[in-house]
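Each chain, written out:
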Amino acid sequence: MGKSIRETMQEFTVNQALNYLEGNPEENIPKLMAFVDRLMPKDWYTSQRNAIRRSIEEKNNWYQLILRLYELDPGVRRAFFQNFITNASLKGSAVQDEMSKKYNCNIPWAILLDPTTACNLNCTGCWAAEYGHQYNLSLEDIDSIVRQGKELGTYMYIYTGGEPTVRRKDVFKICEMHPDCEFLAFTNGTMIDEEFCQEMLRVKNFVPAISLEGFEKANDGRRGDGVYHKVRHAMELMKEHKLPFGISVCYTSQNFEDVSSEEFYDMMIESGALFVWYFHYMPVGHGAVTDLLPTPEQREEMYRRIRHFRETKPIFGMDFQNDGEYVGGCIAGGRRYLHINAKGDVEPCVFIHYSNVNIHDVSLLDALRSPIFQAYHDNQPFNNNHLRPCPMLENPGRLKQLVKETGAVNTDYQDPESVDELCDRCVPYAKNWKPTADKLWEESHPEK
């Protein structure tokens, strides 16, 4: 598949801009957009270029974040820029669009996969430690998924679990086998040591997102005594080695004050984190505690705080549930990502455990054209108010319909639950959140 003139120009411009910055970033960053303007046609990415230009001129928090990137190890930084910006976001997105039109299905920007169900912790409310090493994707399985993904234009791979670093040898082997891809792992961080950091420096294309529930009391109350300090030590090690990492936060009715506070943000930045990814608690699985669901008032406060700090702190904050307006609603079902569990079941979302196919039996492309994935493709967005994006949490009737019409089966490892049971659990939350979501949507999108 040959490159278009536009794709070639994009890659050339990005590479030239990176080379320009590398020599003296502090001196050259203010001159960056004038340099890019000389290389790129006037009408390409105008709004994005203007936003970068404004950040540089104002020397705001985004400018400070760019400077923080130049504190990273040069080889790791270069690999990140090449894989994330050029391969995954420019070259990859163009191929994804082409394949999506060709096959009339969603093609994902990122693939989430579980190397194992095993975990070295036994956190309250988490099933992973119960299964031990019962389920694993082999090295060959993961390699096959990545190879198939690249054929479709997907260069971003995200490990979930279980605890992915239990398989650290294979995780780094895959990085080595696919140096043109970027790999991220949601991890508890307790297995990151000196040797782990040296492996990150060697492969250059691996980024951890460390789970934190808040400060020591909140975190260790769920994860176990001493875990918070182990995580802080891992963060110190990575900062010392000039390695990129971020933080992953599940916010609940119990910890939202901790994890959205200015103190928490400042701690993350001081520790070296470059991004923080917030996940709304999802009441998935038998016995899921609905009391942990944030109230409408708490979720609105999260919405406002994350947006405030996004404009004031030199760290990139993302909110998986409240940022739907920036990505057109639900991004699951392959629209931007999909999930493959440790048994190989191909699921539309890491929180939606229903599937028609297993990656051991079908190709990745065939999985994307399976009934549940086509139903996502044909029905997204699930709500025109993108503060209510999810077919389960905010539109539970939609998920019921999708699962029943496609014959998808529950893929829970041990204790399957019916889609009626899951969605009925979400009905009160959806009803309570709707007035607040509609109010916030009207505030930010009055014309709609």
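The shown structure was predicted, so the numbers you read here are calculated from the model rather than taken from an experiment.

About the thresholds
Residues numbered from 1 in each chain as written. Predicted model: local features only at pLDDT ≥ 70, side-chain atom pairs only at ≥ 80, totals over all residues. Heavy atoms only, no water. Pairing = 2+ DSSP bridges. Helix = DSSP H or I, 4+ residues; strand = E, 2+ residues; numbered from the N terminus. Contact = heavy atoms within 4.5 Å. Axes fitted to C-alpha atoms, helices over the stretch in contact; angles between N-to-C directions. Salt bridge = Lys/Arg side-chain N within 4 Å of Asp/Glu carboxyl O. Buried < 20%, exposed > 50% of the residue type's maximum accessible area, 1.4 Å probe, protein only. Parallel < 35°, antiparallel > 145°, perpendicular 65-115°, else oblique. Left-handed = near helix turned anticlockwise from the far one by under 90°. Nonpolar A, V, L, I, M, F, W, Y, C, P; charged D, E, K, R; others polar. Right-handed = clockwise from strand over helix to strand, strands pointing away. Disulfide = S-S within 2.5 Å. Expected span 1.5 Å × (residues − 1). Domains from an automatic or database assignment. Buried area = accessible area lost by both parts, 1.4 Å probe.

**Looking at the sheet that holds strand β4 (residues 206-211)**
Taken in spatial order, the nine strands line up as β7-β6-β5-β4-β3-β2-β1-β8-β9 in an open sheet, and their pairing is mixed. Only two strands of the sheet have a single partner each, and these edge strands are β7 (316-319) and β9 (346-347). Relative to β9, strand β8 (residues 337-340) runs antiparallel, the two being bridged by two bridges. Across the sheet, the residue bridging to Ile340 is Val346, located in β9. In the packing of helix α8 (residues 139-151) onto the sheet, the strands contacted are β1 (110-113), β2 (156-159), β3 (182-187) and β8, and the crossing angle to β2 comes to about 150°.

**Description of the pattern of salt bridges**
Here the structure, examined in full by the defined rule, presents 29 salt bridges. With a shortest N-O distance of 3.6 Å, Arg307 and Asp323 are connected by a salt bridge. Of this pair, Arg307 sits in helix α15 (residues 296-310) while Asp323 sits in the loop between β7 and α16 (324-327), and the two are 16 residues apart along the sequence. Across the pair, Asp323 and Arg307 agree in class, each one buried. Through salt bridges with shared partners, a single ionic network connects Glu300, Arg304, Lys439 and Glu443.

**Considerations on the packing of helix α19 (residues 396-406) against helix α20 (residues 419-444)**
Packing of α19 against α20 brings their axes to within 8 Å, and their N-to-C directions diverge by 165°. Regarding the angle of α19 to α20, the classification is roughly antiparallel. In this structure, α19 crosses over α20, and the sense of that crossing is right-handed. Taken together, the residues of α20 that come into contact with α19 (itself represented by Pro396, Leu399, Lys400, Val403 and Lys404) are Val419, Asp420, Leu422, Cys423, Asp424, Cys426, Val427 and Ala430. Grouping the constituent residues of the contact of α19 with α20 by class yields nine nonpolar, no polar and four charged.

**Focus on the packing of α15 against α20**
Relative orientation and spacing of two packed helices are given, respectively, by the angle between their axes and the distance between those axes. One way to put it is that α15 packs onto α20 with a least axis distance of 9 Å and a crossing angle of 35°. The handedness of the crossing between α15 and α20 is right-handed. Contacts from Pro296, Arg299, Glu300, Tyr303 and Arg304 of α15 reach α20 at Tyr429, Asn432, Trp433, Thr436, Lys439, Leu440, Glu443 and Ser444. For the contact of α15 with α20, the residue count by class is five nonpolar, three polar and five charged.

**Overview of the pairing of β3**
Judged by how many residues are buried, β3 sits mostly within the fold: six of six residues are covered. What you see with β3 is no split at all: Glu182, Leu184 and Phe186 on one side and Phe183, Ala185 and Thr187 on the other are buried throughout. Direction of pairing for β2 relative to β3: parallel, over a ladder of four bridges. Note that in β3 the partner of Met156 across the bridge is Glu182. In this fold, β2 hands off to helix α9 (residues 168-177), which returns the chain to β3; that crossover is right-handed. Crossover handedness for the path β3 to helix α10 (residues 194-203) to β4: right-handed.

**Points about the state of the cysteines**
In total, this model carries zero disulfides according to the counting rule given. Unpaired in terms of disulfides, Cys197 finds its nearest cysteine sulfur in Cys175, a separation of 14 Å. You can call Cys197 buried: its relative accessible area is 0%. Counting only cysteine sulfurs, Cys423 is the nearest neighbor of Cys426, a cysteine outside any disulfide, at a range of 6.2 Å. By relative accessible area, which is 0% here, Cys426 ends up buried.

**A short note on α8**
A rise of 1.5 Å per residue sets the reference length of α8, with its 13 residues, at 18 Å; its end C-alpha atoms lie 19 Å apart and thus fit the reference within 8%. Of the positions making up α8, those classed as buried are Asp141, Ile142, Asp143, Ile145, Val146, Gly149 and Lys150. Against β1, β2, α9, β3, β8 and α17 (364-368) lie the buried residues of α8. Just downstream of α8 lies Gly153, where phi reads positive at about 100°.

**A look at the environment of Lys230**
By the element assignment, Lys230 lies in helix α12 (residues 227-240). Exposure remark for Lys230: the relative accessible area of 48% places this residue in the partly exposed category. It is 9.7 Å that separates the C-alpha atoms of Lys230 and Asp193, two residues lying 37 residues apart in sequence.

**Regarding the environment of Pro294**
Assignment of secondary structure puts Pro294 in the loop between β6 (275-280) and α15. The class for Pro294 is buried, based on a relative accessible area of 2%. When near neighbours in sequence (up to four residues on either side) are disregarded, Pro294 contacts Tyr251, Thr252, Ser253, His280, Arg299 and Tyr429.

**Focus: the domain arrangement of the chain**
Split into domains, the chain comes out as domain 1 (5-59) and domain 2 (70-447). For domain 1 and domain 2, the distance between their C-alpha centres works out to 30 Å. At the junction of the two partners, domain 1 supplies 11 residues and domain 2 supplies 11 residues. Here domain 1 and domain 2 share an interface that buries about 1000 Å² over both sides, 57% of which is from carbon and sulfur atoms. Taken as a group, Glu11, Leu18 and Glu22 account for 43% of the area that domain 1 buries against domain 2, more than any other trio of residues on that side. Joining domain 1 to domain 2, the criterion identifies one salt bridge.

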